[in-house]
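Here are the chains, one letter per residue:
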Amino acid sequence: MILQTALLIGLVIFAALAILLRDLLKSAIALAVASLLLGIIFFRMNAPYAGAFEISVVAGLITVLFVLTIALTKTGEEVRESKLVNVAFPVVFVAFIVIDALVMKGLIGKIPALAAGAETGSFGDVLWKARTYDLVGQIAVILAGVFAVLALFRKREKND
Amino acid sequence: MTNTWYLYVFFAAALVFAGILGLLAKRNLIKLFICIEVIGKGISLLLVATGLAKASLLTAQALAITYIVIEVSLVATALALIINIYRHTKSLDVRRLAKLKG
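Residues numbered from 1 in each chain as written. Chains lettered and ligands numbered in written order. Predicted model: local features only at pLDDT ≥ 70, side-chain atom pairs only at ≥ 80, totals over all residues. Heavy atoms only, no water.

### Quick notes on the overall build of chain A
Stage number 1. Secondary structure assignment for chain A yields 6 helices and 0 strands.
Stage number 2. From first element to last, N terminus to C terminus, chain A shows the α and β order α-α-α-α-α-α.
Stage number 3. Principal axes of the C-alpha set define a box for chain A whose edges measure 65 × 50 × 25 Å.
Stage number 4. Taking all 160 residues of chain A together, the buried fraction comes to 31%.
Stage number 5. Expressed as a percentage of contacts within chain A between residues at least 6 apart in sequence, the contacts between residues at least 24 apart total 50%.
Stage number 6. Of the roughly 10200 Å² of accessible surface on chain A, a fraction of 70% belongs to carbon and sulfur atoms. (Helix = DSSP H or I, 4+ residues; strand = E, 2+ residues; numbered from the N terminus. Buried < 20%, exposed > 50% of the residue type's maximum accessible area, 1.4 Å probe, protein only. Contact = heavy atoms within 4.5 Å. Areas by Shrake-Rupley, 256 points an atom, 1.4 Å probe, with all protein chains shown as cover.)

See below:
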């Protein structure tokens, strides 16, 4: 449990770094490390499929997409961020963490566990039989994403 | 619910709040998108943790994978949009988008 808590703390720290770091490349890498930690947390929670997807897709593919976008938009002028943010963000965030901890401590034992039937079968059974419509939705979403990217990058035709 | 579940909810809430705070404070479009990703991480942590607490981890994993697939599609579309916006305005500053000049 101690290792799991340390991983969770690392996850929050790297996520905050991804938001706070000024260099975009560094914040993309911090986000990738946060994804990696989340993947390890999933593995330790006995959720290997979600962990494998998190590490391969989110830490791998999405980071590549971010780095590519940063490389393609690098020549422009630097966006001037408000200076107040670097001071206000950590203060407000720490205040929220304290309130969050107090609320969670007060809530312990007060939320009743809802009844849930024990699951049977393997992950494949659940994914392919119980959540078939999710898979159809996923295919539709991927297709929508592909067509959206194609539409956004289409070249101007001669007749236009 | 088990005591471990509250620990996961605590960290998931911290991630979601950090993301929302970043969305409110930052001006760079890519940075804003990184904030949305951070919120998404909190949500997927909460999904799997609740599945673990309710002994329905397989369904929770199926939902987490669905979320990850949607996330990839969203990232690809949004980054393509950001590149187009950059080509149009030569800047990643979100305040420039407020101008309604064509």
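### Section: the packing of helix α2 (residues 24-44) of chain A against helix α3 (residues 48-72) of chain A
Residue and element names in this part refer to chain A.
Stage number 1. One way to put it is that α2 packs onto α3 with a least axis distance of 7 Å and a crossing angle of 175°. Considering their axes alone, α2 and α3 lie roughly antiparallel with respect to each other. On α3, the residues that touch L24, L25, A28, L31, A32, S35, L36, L38, G39, I40, F42 and F43 of α2 are P48, A50, G51, A52, E54, I55, V58, A59, T63, F66, V67 and I70. (Axes fitted to C-alpha atoms, helices over the stretch in contact; angles between N-to-C directions. Parallel < 35°, antiparallel > 145°, perpendicular 65-115°, else oblique.)

### A word on the packing of helix α1 (residues 2-20) of chain A against helix α1 (residues 3-25) of chain B
Stage number 1. The interhelical angle for the contact between α1 of chain A and α1 of chain B, taken along N-to-C directions, is 5°, at an axis separation of 10 Å. It follows that α1 of chain A is roughly parallel to α1 of chain B by the angle criterion. Facing α1 of chain A, whose interface residues are Q4, T5, L8, I9, L11, V12, A15 and I19 of chain A, α1 of chain B presents L7, Y8, F11, A14, L15, A18, G19 and G22 of chain B.
Stage number 2. Of the residues that constitute the contact of α1 of chain A with α1 of chain B, the class distribution is 12 nonpolar, 4 polar and no charged. (Nonpolar A, V, L, I, M, F, W, Y, C, P; charged D, E, K, R; others polar.)

### Notes on the interface of chain A and chain B
Stage number 1. On the chain B side, the residues contacting the 85 residues of chain A number 69 residues.
Stage number 2. In total, chain A and chain B occlude about 6800 Å² of area from one another, counting both sides; carbon and sulfur atoms represent 75% of this.
Stage number 3. Among the residues chain A hides against chain B, the three largest losses belong to I19, M45 and E119 of chain A. Together they make up 10% of the total.
Stage number 4. Our count for the chain A to chain B interface comes out at 1 salt bridge.
Stage number 5. A salt bridge links K41 of chain B to E54 of chain A, with the shortest nitrogen-to-oxygen separation between them at 3.7 Å.
Stage number 6. For the side of chain A that touches chain B, the secondary-structure elements that each account for two or more residues are α1, α2, α3, α4 (83-107), α5 (123-130) and α6 (132-152) of chain A.
Stage number 7. The element best represented in the side of chain A that touches chain B is α3 of chain A, accounting for 14 residues.
Stage number 8. Class assignment for the residues of the side of chain A that touches chain B results in 57 nonpolar, 16 polar and 12 charged. (Buried area = accessible area lost by both parts, 1.4 Å probe. Salt bridge = Lys/Arg side-chain N within 4 Å of Asp/Glu carboxyl O.)

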